[in-house]
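Observations on the three-dimensional arrangement
Listed below are the residues making up each chain.
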Amino acid sequence: MKKLLFLLFLFVPLIASANVVWPSLYILSQVYCWYVIVLGLVVEFFAVKFFGKASWGRSAVIVAVMNAVSALVGWVLIPISGILTEILLFPFEQGTFHLSHWIVDYVFVALVNTCIEGLSIKWIFKYSFKRVFWWLLAANAVSVAFSVLVPFSDFL
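Residues numbered from 1 in each chain as written. Predicted model: local features only at pLDDT ≥ 70, side-chain atom pairs only at ≥ 80, totals over all residues. Heavy atoms only, no water.

Here we come to the packing of helix α5 (residues 56-89) against helix α6 (residues 99-125). Where α5 contacts α6, the two axes come as close as 7 Å, and the packing angle between them is 140°. Crossing handedness for the pair α5 and α6: right-handed. By residue class, the composition of the contact of α5 with α6 is 19 nonpolar, 10 polar and 4 charged. (Axes fitted to C-alpha atoms, helices over the stretch in contact; angles between N-to-C directions. Helix = DSSP H or I, 4+ residues; strand = E, 2+ residues; numbered from the N terminus. Left-handed = near helix turned anticlockwise from the far one by under 90°. Nonpolar A, V, L, I, M, F, W, Y, C, P; charged D, E, K, R; others polar.)

As structure tokens, then:
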């Protein structure tokens, strides 16, 4: 019974969001837009190709696999990172849509994606996590930037 309650509470941010909406939920909703996906895949493809020193075909397979894993796992971990942001920034009481929350959520989403993707290519394709971390973080920072900028595109 405790496990069932834990799972239900785990999905509360995706269902209820009572009085708090985290920027990470907005980022998550934009990460799954087709044009953000395509731009992110292109950025990560070239990162894997040139920094991972893989062939064109192997780069495509690696990017497809690591992003499939990231999409499945990130669907749960990204909202959790949003909760973590709110807990960390709560003492400063600036509101959930303050610029500081967007920045911290952006960093956490890029880190979450990097860790998921880095570990998936470590376990599946036998890359060293330490060797791929920094260039994968840079690629994810660019990819996540697309999803962060989408909500602001109406203002541009």
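Counting across every chain of the model gives 9 aromatic pairs. Taking 6.3 Å as the distance between ring centres and 85° as the angle between the ring planes, the aromatic pair formed by Phe46 and Trp56 counts as edge-to-face. Taken together, the residues Phe46 in helix α4 (residues 34-51) and Trp56 in helix α5 connect sequence positions 10 residues apart. With centroids separated by 6.2 Å and ring planes inclined at 85°, the aromatic side chains of Phe50 and Trp56 adopt a geometry described as edge-to-face. A relative accessible area of 49% places Trp56 in the partly exposed class. The rings of Phe45, Phe46, Phe50 and Trp56 are connected pair by pair, giving a single aromatic cluster. (Phe/Tyr/Trp six-rings, centres within 6.5 Å; stacked < 30°, edge-to-face > 60°. Buried < 20%, exposed > 50% of the residue type's maximum accessible area, 1.4 Å probe, protein only.)

Fair warning: the whole summary comes from geometry, so function is off the table for now.
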